[in-house]
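Structural characterization, general
Now for the letters of each chain:
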Amino acid sequence: MNKGRLIVFSAPSGCGKGTMLAKITENEKFYCAVSATTRSPRRGETEGVDYYYLTKEEFEQKISEGAFFEYASYCDNYYGTLLSEVTPKLEAGINVILEIEVQGAMRIRELSPDALFIFVMPPSVKELRRRLKKRGTESDEIIEKRVSKALDEIPYAKKYDYIIVNAALEDAVEDFFTVIRTDSLTVKAQGKFIDEVIENA
Ligand code: 5GP
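Predicted, not measured: the structure shown is a model, and the values here were computed from it.

1. Description of the overall build of the chain
Per the secondary structure count, the chain includes eight helices and nine strands. Against the compact-globule benchmark of 17 Å for 201 residues, the chain has a radius of gyration of 18 Å, which places it among compact chains. Here the C-alpha coordinates of the chain stretch approximately 65 × 40 × 30 Å along the principal axes. Taken across its 201 residues, the chain has 40% of its residues classed as buried. Excluding contacts between residues fewer than 6 apart, the proportion of contacts in the chain whose partners are at least 24 apart in sequence is 67%. Here the chain has roughly 11400 Å² of accessible surface; of this, 53% comes from carbon and sulfur atoms. A gap of 5 Å separates the mean positions of the 28 positive and 33 negative side-chain charges of the chain.

2. Quick look at the pattern of salt bridges
Under the criterion given, the structure shown has twelve salt bridges. Notably, a salt bridge pairs E127 with R130, separated by 3.0 Å at the nearest N-O pair. With E127 and R130 both in helix α5 (residues 125–135) and three residues apart, this pair spans about one turn of that helix. Judged by relative accessible area, R130 falls into the partly exposed class, the value being 46%. Within this structure, R39, R42 and E45 form a network of salt bridges that share partners.

3. Observations concerning the sheet that holds strand β7 (residues 95–99)
Taking strand neighbours across the sheet as the criterion, the five strands line up as β2-β7-β1-β8-β9 in an open arrangement whose pairing is parallel. The open sheet has two free edges, formed respectively by β2 (30–32) and β9 (162–165), since each of these has just one partner strand. The average undirected angle you get between the axes of adjacent strands in this sheet is 25 degrees. Taken together, the four bridges between strand β1 (residues 6–10) and β7 define a ladder with parallel strand orientation. Opposite V8, over in β7, you have L98 as the bridge partner. In the packing of helix α7 (residues 169–184) onto the sheet, the strands contacted are β1, β2, β7, β8 (116–121) and β9, and the crossing angle to β9 comes to about 165 degrees.

4. Side note on the site of the ligand
As a structural note, the neighbourhood of the ligand is formed by 18 residues, with R39, Y51, E70, Y79 and E101 the closest of them. E99 is positioned such that a nitrogen or oxygen atom in its side chain is 2.7 Å from an oxygen atom of the ligand. Note that a nitrogen atom of the ligand is positioned 2.6 Å from one of the side-chain N or O atoms of E101. If the ligand stood free it would expose 510 Å²; the protein chains cover 97% of that surface. If you list the elements that add at least two residues to the shell around the ligand, you get β5 (68–74) and β6 (77–82). Within the shell around the ligand, the residues separate by chemical class into six nonpolar, five polar and seven charged.

5. A few points about helix α1 (residues 17–24)
Buried residues of α1: K17, M20, L21 and I24, and no others. The arc enclosing the buried residues of α1, seen along the axis, measures out at 95 degrees, which places them on a common side. Buried-residue contacts for α1 involve β1, β2, β7, β8, β9 and α7.

6. Let's talk about a negative patch on the surface
A contiguous patch of negative charge, built from E170, D171, E174 and D175, is present on the exposed surface. Along the chain, D175 turns up in helix α7. Look at D175 and you get partly exposed, because its relative accessible area is 36%.

7. Some words on the packing of aromatic side chains
What the rule picks out here adds up to 14 aromatic pairs. Ring geometry for F176 and F177: centres 5.4 Å apart, planes at 85 degrees, overall edge-to-face. Exposure remark for F176: the relative accessible area of 0% places this residue in the buried category. A residue is classified by how much of its surface remains accessible, and F177, at 28% relative accessible area, is partly exposed. What links up through ring pairs into an aromatic cluster is the set F9, F30, F176 and F177. Its end group placed over the ring of Y31, K89 keeps NZ or CZ at 4.4 Å from the ring centre. Here R109 stacks its cationic end above the ring of F117, 4.1 Å away from the centre of that ring.

Rules used throughout
- Going along each chain's sequence as written, the residues are numbered from 1 onward.
- With the structure being a predicted model, the display of local features is reserved for residues of pLDDT at least 70 and the display and counting of side-chain atom pairs for 80 or more, all residues being used for whole-chain, interface and lining totals.
- Hydrogens and water molecules were not included; the side-chain quantities draw on all heavy atoms of the structure.
- Elements are defined by DSSP. Helices are runs of H or I of four residues or more, strands are runs of E of two residues or more, and each kind is numbered from the N terminus.
- Radius of gyration: over C-alpha atoms. The globule rule applied is 2.2 Å multiplied by the number of residues raised to the 0.38 power.
- For each residue, the accessible area found with a 1.4 Å probe, counting protein chains only, is set against the maximum for its type, and the residue is called buried under 20%, exposed over 50%, and partly exposed in between.
- Contact criterion: two residues are considered in contact whenever any of their non-hydrogen atoms come within 4.5 Å of each other.
- Per-residue accessibility takes into account occlusion by the displayed protein chains alone, with areas from the Shrake-Rupley method and a 1.4 Å probe.
- Counted as positive: Lys and Arg. Counted as negative: Asp and Glu, with His and the chain ends omitted from the count.
- Every charge is mapped to an atom, namely NZ of Lys, CZ of Arg, CG of Asp or CD of Glu.
- Counted as salt bridges are all cases of a side-chain nitrogen of Lys or Arg within 4 Å of a carboxyl oxygen of Asp or Glu.
- In this analysis, strands are considered paired if DSSP registers two or more bridges between them.
- Note on method: axes are straight lines fitted to C-alpha atoms, helices fitted across the in-contact stretch only, with angles between N-to-C directions ranging 0 to 180 degrees.
- Neighbouring residues are identified by heavy atoms, a residue being near a molecule or strand if any of them is within 4 Å of it.
- Here a polar contact is taken to be a pair of N or O atoms separated by no more than 3.5 Å, where protein atoms must pair a possible hydrogen donor with a possible acceptor and residues adjacent in sequence count only if both atoms sit in side chains.
- Three classes are used, and their members are as follows: Ala, Val, Leu, Ile, Met, Phe, Trp, Tyr, Cys and Pro are nonpolar, Asp, Glu, Lys and Arg are charged, and the others, Gly among them, are polar.
- The arc in question is traced by the directions running from the helix axis to the C-beta atoms.
- Nonpolar side chains (Val, Leu, Ile, Met, Phe, Trp, Tyr) within 5 Å and like charges within 9 Å form the patches, drawn only from residues with over 30% relative accessible area and no salt bridge.
- Here the aromatic set is Phe, Tyr and Trp, taking the six-membered ring for Trp, and pairing holds for ring centres within 6.5 Å; pairs whose planes are under 30 degrees apart are stacked, those over 60 apart are edge-to-face, and all others are tilted.
- Distance and angle both matter: a charge sits over a ring if NZ of Lys or CZ of Arg is within 6 Å of the ring centre and within 35 degrees of the ring normal.

Next comes the structure, spelled out in structure tokens:
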């Protein structure tokens, strides 16, 4: 059986990636790894669905046990992907999406160079600020911290393989599947097939 594809999916907070991922994972061939974090749950978030919520001590214990595929510190909290969320799914032929920030993504470039890197951009910073305010879950101070973080992250978009601008949800989701399809047609992805055709001639 073919192994699943590892997809690194990054976007500054407020770019609508959560809504995009909810749509994408309606397709059972795609699984979004549930990360662990030390930040508190936001209104409406559920343990084991949005994140595994850990204390700083529990998170550091897991770091020392080697339980993480990758982890990073972001806005004063730890965030990390557990190996147990990735390996079994890939082995089962399911594509695993890692919804992670740029530091973690750059580390994965080194660990798994074959992963597919997708960055989601807001149409503008003005629109990003408007969306963060509309969410209504964070103070103005935290919103400004996230906007300034977005401005730090956006230059890293140039190190990804594909950029999707999330101006309209349906279009952005369609772009995601176009990227996956296009990527599956590259010579690199089809190399094995070429060899099989020649061998079976
Ligand atoms: P939020 O607090 O808005 O849910 O997430 C903040 C940032 O942490 C987002 O950019 C998100 O992509 C990133 N993030 C979530 N999970 C992980 C993870 O497992 N590893 C890393 N490196 N970043 C993560």
